[in-house]
Amino acid sequence: MYDTLDLKVENRVAWLTLNRPKSLNAMNHEMIMELRKAFDEVDQREDVSCVVLRGEGRAFCAGMDIKWSEELTKKDRLESNRLGQKTFNKMEAMSKPVFAAVHGYVLGGALEMALAADFIVAADDAQLGLPEITLSAHPPYRPKITEDGDPDQPEYGGSAPGWGGVKRLPERVGKALAKELMFTGVRVDAARALQIGLVNAVFPKEEFEDQVKELANRIGAMNPYNLRLVKELVNHGYDLLEGHPS
Ligand code: CAA
């Protein structure tokens, strides 16, 4: 049982739903720890062939819980970055296909998590971005630097998306676009996200649930060993693995 997530399995599809809708599913420490547990659980369950990650309420997820973030000491911040990276690496390493079905806000750590999935599909109301850099600027563009420096930023070393986005976004959309998105912190809408290859498909909001279900059920109906094999081949850049001895 989970407090911050909802997990249900139907037709060999595990529906893993972020479930803190009052905070737009912002990820706190508890949610990260529960995600780690859930990734292990669904990867091991024999009745699951495909995993879908989604969010309850009006957003997929508004990123790291800012209340958690504000409590962190500098040391804790490094630890929380490490924890997020390890968690999404764990998700990426799952042997089963996992895709993110996103709607509404998909910001910061939320986009970093979605990028660790095999692919992303979006509802047409989705807004995706890595706004971390704007957390050190007054909206929209004025630097928040006072005579004493920037109160919210490290004195040296800098701060960047900490949960794998700096690696995965350039891999998905190319370095130049990824840099522009991370230098500006702007959100892109679903149509633009489709155009730049950040998401594989965009569905109208009214059809989103049905379309995602159809896609998930189709993948879930495939032979699980074949799904695992295809994922391994693509992830490792091989075109052939030795078959199992018969
Ligand atoms: N953490 C905690 N609570 C959050 C949250 C977050 N990231 N985002 C939204 N919420 C809460 C709000 O505080 C609000 O709660 P109350 O009703 O109790 O006041 C509730 O969710 C609804 O939010 P809003 O009223 O703000 O809704 P909105 O539609 O007006 O705005 C928003 C939505 C643009 C997403 C705005 O909430 C926002 O800018 N949130 C912060 C987004 C952000 O910067 N995320 C990135 C975090 S950095 C990160 O993730 C770091 C990393 O890489 C490791």
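Model, not experiment: these values are computed from the prediction.

K.L.:
Is there a simple way to explain the site of the ligand in this structure?
P.N.:
The local shell around the ligand holds 20 residues, among which Ala62, Ile66, Gly109, Glu112 and Glu132 are the closest. At 2.9 Å from an oxygen atom of the ligand is found a main-chain nitrogen or oxygen belonging to methionine 64. Within the backbone of isoleucine 66, one N or O atom sits 2.9 Å away from a nitrogen atom of the ligand. When the ligand sits alone it has 990 Å² of accessible area, and the protein chains cover 65% of it. Secondary-structure elements contributing two or more residues to the shell around the ligand are β5 (105-107) and α4 (109-115). When its residues are assigned to classes, the shell around the ligand shows 9 nonpolar, 5 polar and 6 charged.

K.L.:
Is there a simple way to explain the pattern of salt bridges in this structure?
P.N.:
Side chains that carry opposite charge are capable of pairing whenever their charged atoms lie near each other. Within this structure, the stated rule accounts for 8 salt bridges. Aspartate 47 is paired through a salt bridge with arginine 45; the nearest N and O atoms lie 2.7 Å apart. Taking relative accessible area as the criterion, aspartate 47 reaches 31% and is therefore assigned partly exposed. Note on arginine 45: relative accessible area 27%, which makes it partly exposed. Glutamate 92 serves as the salt-bridge partner of arginine 168, at 2.9 Å between the closest nitrogen and oxygen. Pair noted here: arginine 168 is in helix α5 (residues 165-173) and glutamate 92 is in helix α3 (residues 74-92), with a separation of 76 residues, a long-range link. Exposure remark for arginine 168: the relative accessible area of 3% places this residue in the buried category. Judged by relative accessible area, glutamate 92 falls into the partly exposed class, the value being 28%.

K.L.:
Is there a simple way to think about the sheet that holds strand β2 (residues 13-18) in this case?
P.N.:
Strand pairs in the sheet, formed through backbone hydrogen bonds, run parallel or antiparallel to each other. With mixed pairing, 6 strands are arranged side by side in an open sheet as β1-β2-β3-β4-β6-β11. In this open sheet, the two edge strands, each paired with only one partner strand, are β1 (5-10) and β11 (201-203). Each adjacent strand pair in this sheet contributes to an overall mean axis angle of 20 degrees, direction not counted. In this sheet, β11 lies alongside strand β6 (residues 119-123) in parallel orientation, the contact comprising 3 bridges. By the bridge assignment for β11, alanine 122 is matched with valine 202.

Rules used throughout
- Here the residue numbering is sequential within each chain, running from 1 through the sequence in written order.
- Since the coordinates come from a predicted model, pLDDT governs what is reported: local features require at least 70, and pairs of side-chain atoms require 80 or more to be given and counted, while whole-chain, interface and lining totals use all residues.
- In computing side-chain properties, one takes all heavy atoms of the structure into account and sets aside hydrogens as well as water.
- Throughout, near means a residue has at least one heavy atom within 4 Å of the molecule or strand.
- Distance and chemistry together define a polar contact, namely a pair of N or O atoms within 3.5 Å, with one atom able to donate a hydrogen and the other to accept it when in protein, and with adjacent residues in sequence counting only for side-chain atoms on both sides.
- The Shrake-Rupley method, run with a 1.4 Å probe, gives the accessible areas here. Residue values count only the displayed protein chains as cover.
- What counts as a helix is a DSSP run of H or I of at least four residues, what counts as a strand is a run of E of at least two, and both are numbered from the N terminus.
- Any residue outside Ala, Val, Leu, Ile, Met, Phe, Trp, Tyr, Cys, Pro, Asp, Glu, Lys and Arg is labelled polar, Gly included; the first ten of those are nonpolar and the last four are charged.
- In the sections that follow, a salt bridge refers to a side-chain nitrogen of Lys or Arg positioned within 4 Å of a carboxyl oxygen of Asp or Glu.
- To sort residues, take the accessible area from a 1.4 Å probe on protein chains only and compare it with the maximum for the residue type: under 20% means buried, over 50% means exposed, and anything in between is partly exposed.
- Two strands pair under a simple rule: DSSP has to find at least two bridges between them.
- Only C-alpha atoms enter the line fits that serve as axes; for helices the fit covers just the stretch in contact. Angles between N-to-C directions range over 0 to 180 degrees.

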